[in-house]
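Residues per chain are reported as follows:
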Amino acid sequence: MNSSENIPQADLSDCEREPIHIPGTIQPHGFLLAARGIDALISHTSENSRTLAGTGAAVLGRTWEQALGVSNARALRRALDDPSFTVNPLSLASGWSPSSDASPVTLIAHTRGGFIIVEGEYAVDDALHAGLEGHELPPLLARMGKTSSATELCVLAAEETRRLTAFDRVLIYQFDADWNGTVIAESRNDVLPAYLNHRFPAFDIPKQARDLYHINRLRLIASNDYQPVRLLAVSSELPPLDLTLSTLRGISPIHLEYMRNMGTGSSMSASIMRDGKLWGLLSCHGREPRNLSFATRSVCDLLAQILSMQLAAREQSDQLARQVQLRKVLTDLLAHMTDAVDFTTALDSSHMLELTGAHGSALVREGEIIRYGITPPDDAILKLRDWVGPRITGGLFQTNELPFVYPEIGDDASVAGGLLAISISPVEQCYILWFRAELVTTVLWSGEPHKLPSSGTDTLRMHPRKSFDTWKETVRGRSSPWLQAELEAAMIFRSAVVDIVLKQAAAKSHLLTEVQRMNKELEAFAYTVSHDLRAPFRHVRGYAELLQMDKSELLDDEGRFLLQKILKSTAYAGNLVDTLLSFSRMNLTPLNTEPVDLNDLVETARSHAMINAEARSIDWHIAPLPRVNGDANLLLLALQNLFENAVKYTSKRNHAVIEVSAVETNHECIVTIKDNGAGFDMKYADKLFGVFQRLHTSDQFTGLGIGLASVRRIIERHGGRVWAESRQDEYAVFHLSLPVISSKTSSHHA
Amino acid sequence: MLKPILLVEDNPDDLELALRALTKTNLANEVVTVRDGEQALHYLKREGDYANRPSGNPAVVLLDLKLPKIDGIQVLEYIKSDENLKSIPVVMLTSSKMESDLTRAYKLNVNAYVVKPINFSEFIEAVRELGMFWAVLNEPPPGSHKSSVRPKSAIATPSPIISPA
């Protein structure tokens, strides 16, 4: 039976399921023996085996000693006691010949699936190329350490591998998240075409092949055109032999066809691992068949492992450098924030963007948005906030392909290919979003990647692709990925902000409690003033008045003069207490704001102010006034104070004129009260509205210096302002502004 | 026989001045003075020291707000909730202008609320008007305890603040 005819032909549906670890064949550049243990008899062998016990099937049922000789069998027995034996293929003997006419072989042993498997590889004279000897390793490591980038490092590794193996082309091939592979470094002569920067689709290396790469780090296909050698078993009951770790393992016909299509006659690949995961491949191709000795292959494996470690170290130091850089930004940012009343005021564009290496950022707090850099528009940000809010877990959400997970981003995808979001306060609906612009990249595929290969006529027969021509693809909607260090920076920033927000909230509530407590104390104080301090003044005044009423005839002129002084002083003191009380109460009572007709208020205030000036002739010019929003009682009090002032300071005029008018702007109503009285010196205008500030002696005009302070407090509590102007001995004008209701509800303009 | 006026006042100076003010109004009514809320209630309910007083309610109660033991508001509350007493006019006589006190007093149907003025002459005037109105003129119909007319100066209104310079 011609063994090659029995080679199973995989069909398309078997593509991913092809049991490549139990091919039932080996490559012909060596032979294979297997038994269940060191004391067991040989249970499997390859048709081409040639041992002390004989050739082919004759070897089955023999002992290890019979097959390999006593010394080799003893070496095998020793190796089995070595705990690392199951992992590493072990070189048992080099240049061993079972007989004088047989070619020398290198014996390599490993265990798999309960079997001891020994492979005899026919000797290869590749000493010329196996140049990497012990003393060459330190300078190579030094050169690797000096490379300035990962790419340069990979190029060096590729060159070194090609020098060692004399393959025509060596590639460093890196997997992406979807298991597409990109050639990131290449060393070659002109025999095979360049693949640098080309991407190979994931289906070129199916999952079970990648799984094998995990376990068996190095594979060699000495020739794509070999005649497979069948494995023979001592009994047909035995399960197929697991060749996962075998160096001679027969290759899938699909892969051989792939190689032929690609124009490579021989190949070798070593796995580049990172953190226990397959990171990439060190992949060697030759146009002609090429065999390598176990020693040379081991050196290549070592080189791939050094590369893995170097890449890891480099990535770690890059991450560390990025981390240090981000810490600096973070420190700056936090220093600003802790000083700020509201942390948002401390955030500036450059810091916000540097923190995560973003192109744009947005702080969203309820409906309010603060944007930095390049971001989608406000409405898109709000929608995105609503979408991402529930998706934030552990405080953070990130993607570098937002348009794929959130297609609603639509046209804004160009500025938001990547999104990193943190939640500050879900209660306040406070989030910070970072955007990364999409990275439009051109990928050079080696052959069209989205088309599964098929031969067309015979669809059941799986064919690998035939074309490796460059196929250009433009990739959109993805940004560069967020680095671990950037995510960490965002998380540290988040906890700092949350901390600040919480602290500020606590401080606010503490302040509020404090103010409430102080208000209560003030109230108690006001009560004491009103009730307890007022009483003694009343009593002094009462007794003095009684003295004046009933006993004044007992006093002489001097006594009556002194009595007058007592009466006057106690009256003043009493008034002072009453006024202070009213003034303090102005803060305690809440504003009762409602629409108020200024015309009514002015009329009431005017009549109050005229009570003690009924005898005087005063011309009141009162223009029609609008309606305003305010507390009617307090506004009345303010107007009354201003009118009483006007009446008082015009008392020395024969013809007093008091004018009241109002002007409305879009947002405020300005009421003006002008009198032709004594006025004041503008030099002291700023003192006018202070408590107990008087610009006239009490001989000139009576008063406590608290009325205008009350006016100011009332108006400011309404959100308005007061100011005054004057020319001494000519006029005084007082203005007050009040928030306006709306132009429709106001009546007339002055 | 004129009904007495019940004056409830703990401060001796206020008491002295109030008595003098009442004297100056020339009212013929007897003025009964008590010094705290408890005594006031004893008098009104004819208990304790006043168990043997002649029956009949006073013409008016002049009641200080801040009193030892039982304060003025509580006394007012008792009077206005007692069937036999609620027709007695009660005038709150106080130093306090606190709005909360005023509100509470009015809620309890006080008949008038007088903030004791600094000026004694004004005080005399207020007491005189009160006395004239309730001690002499006012004969409330049975069951009525409120008057629609209040003496002018007896009504507490927020007084305007004295003008400054």
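Being a predicted model, the structure only gives us computed values, none of them experimental.

A.B. asks: Would you take a moment to explain the overall build of chain A for this structure?
C.D. replies: A count of helices and strands for chain A gives 15 helices and 29 strands. In chain A, buried positions account for 50% of the 750 residues. Long-range pairs, those at least 24 residues apart, make up 67% of the contacts in chain A with a sequence separation of at least 6. For chain A, the computed accessible surface area is about 35,800 Å², with 54% contributed by carbon and sulfur atoms.

A.B. asks: Mind showing me how you'd approach the overall build of chain B here?
C.D. replies: Each helix and strand in chain B was counted, giving five helices and five strands. The order of α-helices and β-strands along chain B, N terminus first, is β-α-β-α-β-α-β-α-β-α. Looking at chain B as a whole, 50% of its 165 residues qualify as buried. When contacts within chain B are restricted to residue pairs at least 6 apart in sequence, long-range pairs at least 24 apart make up 65% of them. Counting every atom, chain B has about 7,600 Å² of accessible surface; 50% of that belongs to carbon and sulfur.

A.B. asks: I tried to follow the sheet that holds strand β28 (residues 722–727) of chain A on my own but got confused; where do I start?
C.D. replies: Sheet strands line up and pair through hydrogen bonds in the backbone, either parallel or antiparallel. All names here are of chain A. Read from one edge to the other, the open sheet built from five strands follows the order β24-β26-β27-β29-β28, with strand pairing classed as mixed. With one partner strand each, in any of the chains shown, β24 (618–622) and β28 form the two edges of the open sheet. Here the average twist between neighbouring strands, direction ignored, is 15°. The pairing of β24 with strand β26 (residues 656–664) spans five bridges and is parallel. Directly across from His621, in β26, lies its bridge partner Glu659. Most of the contacts of helix α13 (residues 598–609) go to β24, to which it runs at about 170°, and overall it touches β24, β26 and β27 (668–675). In the packing of helix α15 (residues 707–717) onto the sheet, the strands contacted are β28 and β29 (731–739), and the crossing angle to β29 comes to about 25°.

A.B. asks: It is not clear to me how the sheet that holds strand β4 (residues 90–94) of chain B should be interpreted in this structure. Could you clarify?
C.D. replies: All names here are of chain B. Ordered in space as β2-β1-β3-β4-β5, the five strands form an open sheet in which the pairing is parallel. Of all the strands in the sheet, the pair left with one neighbour each is β2 (31–34) and β5 (112–115). Taking each pair of neighbouring strands and ignoring which way they run, the sheet shows an average axis angle of 20°. Of the pairings in the sheet, the one linking strand β3 (residues 60–64) to β4 comprises four bridges and is parallel in character. Across the sheet, residue Leu63 finds its bridge partner in β4, namely Met92. Across the sheet, helix α3 (residues 72–81) is in contact with β3 and β4; its angle to β4 comes to roughly 175°.

A.B. asks: Could you clarify how one ought to interpret the environment of Gln564 of chain A in this entry?
C.D. replies: Summarising the element assignment, Gln564 of chain A is placed in helix α12 (residues 557–588). Since its relative accessible area comes to 41%, Gln564 of chain A is described here as partly exposed.

A.B. asks: Looking at this model, I keep getting lost on the pairing of β2 of chain B. Mind explaining?
C.D. replies: Within a regular strand, the side chains alternate between the two sheet faces. Residues and elements named next belong to chain B. Burial along β2 is one-sided: Val32 and Val34 are buried, while Val31 and Thr33, pointing the other way, are not. The pairing of strand β1 (residues 5–8) with β2 spans four bridges and is classified as parallel. Its bridge partner lying in β2, Leu6 is registered against Val32. In this region the chain leaves β1, passes through helix α1 (residues 12–24) and returns to the parallel neighbour β2; the handedness of that crossover is right-handed.

A.B. asks: For this particular structure, what's the right way to read the packing of helix α7 (residues 294–339) of chain A against helix α8 (residues 349–356) of chain A?
C.D. replies: Residue and element names in this part refer to chain A. Across the interface, α7 lies against α8 with an axial gap of 9 Å and an inter-helix angle of 145°. As for the relative orientation of α7 and α8, their crossing is left-handed in sense. Of the residues in α8, those touching α7 at Arg322, Leu326, Val329, Leu330, Asp332, Leu333 and His336 are His351, Met352, Glu354, Leu355 and Thr356. Classifying every residue of the contact of α7 with α8 gives six nonpolar, three polar and three charged.

A.B. asks: Help me understand the layout of surface pockets, please; the structure alone is not making it clear to me.
C.D. replies: By rolling a water-sized probe across the atoms, one finds the places where empty space is left. Residues and elements named next belong to chain A. In this structure, the second largest pocket occupies an estimated 2,000 Å³ of space. Lining the second largest pocket are 48 residues, and of these Gln174, Phe175, Asp176, Ala177 and Pro481 lie nearest its centre. Taken together, the elements giving at least two residues each to the lining of the second largest pocket come down to α4 (150–165), β9 (169–175), β10 (181–188), β15 (277–286), α7, β21 (441–446), β22 (470–475) and α11 (484–551). Considering each element in turn, the lining of the second largest pocket owes the most residues, seven residues, to α7. Residue classes in the lining of the second largest pocket are distributed as 20 nonpolar, 15 polar and 13 charged.

A.B. asks: Explain the UniProt feature "modified residue: 4-aspartylphosphate" (unreviewed entry) in chain B here, please?
C.D. replies: Residue and element names in this part refer to chain B. As annotated in UniProt, the feature "modified residue: 4-aspartylphosphate" (unreviewed entry) corresponds to Asp64 in the numbering used here. Secondary-structure assignment places Asp64 in strand β3. Residues within four places of Asp64 in sequence aside, it is in contact with Val8, Glu9, Asp10, Gly72, Met92, Leu93, Thr94 and Lys116.

A.B. asks: Just checking my understanding: could you explain the packing of aromatic side chains for this structure?
C.D. replies: Each aromatic ring pair is specified by the distance between its two centres and by the angle formed by the two planes. Following the criterion strictly, the structure yields 13 aromatic pairs over all chains and no others. On the numbers, 6.2 Å between centres and 50° between planes, the contact of Phe680 of chain A with Phe734 of chain A is tilted. With Phe680 of chain A in the loop between β27 and α15 and Phe734 of chain A in strand β29, this residue pair connects regions lying 54 residues apart in the sequence. Looking at Phe680 of chain A, the relative accessible area reads 4%, which means it is buried. With centroids separated by 5.2 Å and ring planes inclined at 75°, the aromatic side chains of Tyr43 of chain B and Tyr50 of chain B adopt a geometry described as edge-to-face. There is no split in this pair, since Tyr43 of chain B and Tyr50 of chain B are both buried. Clustering of aromatic rings is evident, with ring pairs tying together Tyr173, Phe175, Trp179, Tyr195 and Phe200 of chain A. Positioned above the aromatic ring of Tyr43 of chain B, the side-chain terminus of Arg53 of chain B is 4.1 Å from the ring centre.

A.B. asks: I would appreciate a short explanation of unusual backbone geometry in the present structure.
C.D. replies: Among all residues except glycine, the phi angle is most often negative; among peptide bonds, the trans geometry is most common. Positive phi is not limited to glycine here, since Trp179 of chain A has a value of about 70°. Of note, Trp179 of chain A is situated in the loop between β9 and β10.

A.B. asks: Hey, could you run me through the pattern of salt bridges in this one?
C.D. replies: Should their charged atoms come close, side chains of opposite charge can pair. Summed over all chains, the structure comprises 37 salt bridges over all chains. Between Lys207 of chain A and Asp211 of chain A there is a salt bridge, with the nearest N and O atoms lying 2.9 Å from each other. Taken together, the residues Lys207 of chain A and Asp211 of chain A, both in helix α5 (residues 207–215) and four residues apart, mark about one turn of the helix. The partly exposed category is assigned to Lys207 of chain A, whose relative accessible area is 44%. Within the structure, one salt-bridge network assembled from shared partners comprises Arg538 of chain A together with Glu9, Asp14, Asp64 and Lys116 of chain B.

A.B. asks: Hey, could you run me through the pairing of β3 of chain B in this one?
C.D. replies: Residues and elements named next belong to chain B. Among the five residues in β3, five count as buried, and that is most of the element. Burial along β3 is two-sided: Val60, Leu62 and Asp64 and Val61 and Leu63, pointing in opposite directions, are all buried. Taken together, the four bridges between β1 and β3 define a ladder with parallel strand orientation. Bridge assignment links Ile5 to a residue of β3, and that residue is Val60. In this view, the connection linking β3 to its parallel neighbour β4 by way of α3 has right-handed handedness.

Rules behind the numbers
- Residues numbered from 1 in each chain as written.
- Chains lettered and ligands numbered in written order.
- Predicted model: local features only at pLDDT ≥ 70, side-chain atom pairs only at ≥ 80, totals over all residues.
- Heavy atoms only, no water.
- Helix = DSSP H or I, 4+ residues; strand = E, 2+ residues; numbered from the N terminus.
- Buried < 20%, exposed > 50% of the residue type's maximum accessible area, 1.4 Å probe, protein only.
- Contact = heavy atoms within 4.5 Å.
- Areas by Shrake-Rupley, 256 points an atom, 1.4 Å probe, with all protein chains shown as cover.
- Pairing = 2+ DSSP bridges.
- Axes fitted to C-alpha atoms, helices over the stretch in contact; angles between N-to-C directions.
- Right-handed = clockwise from strand over helix to strand, strands pointing away.
- Left-handed = near helix turned anticlockwise from the far one by under 90°.
- Nonpolar A, V, L, I, M, F, W, Y, C, P; charged D, E, K, R; others polar.
- 1 Å grid on protein atoms, 1.4 Å probe; cavity = no way out; pocket = protein on both sides within 12 Å on 5 of 7 lines; lining within 4 Å.
- Points joined across faces, edges and corners; volume = space filled by probe spheres on them.
- UniProt positions renumbered as here; feature names shortened; annotations may be inferred.
- Phe/Tyr/Trp six-rings, centres within 6.5 Å; stacked < 30°, edge-to-face > 60°.
- Lys NZ or Arg CZ within 6 Å of the ring centre and 35° of its normal.
- Salt bridge = Lys/Arg side-chain N within 4 Å of Asp/Glu carboxyl O.

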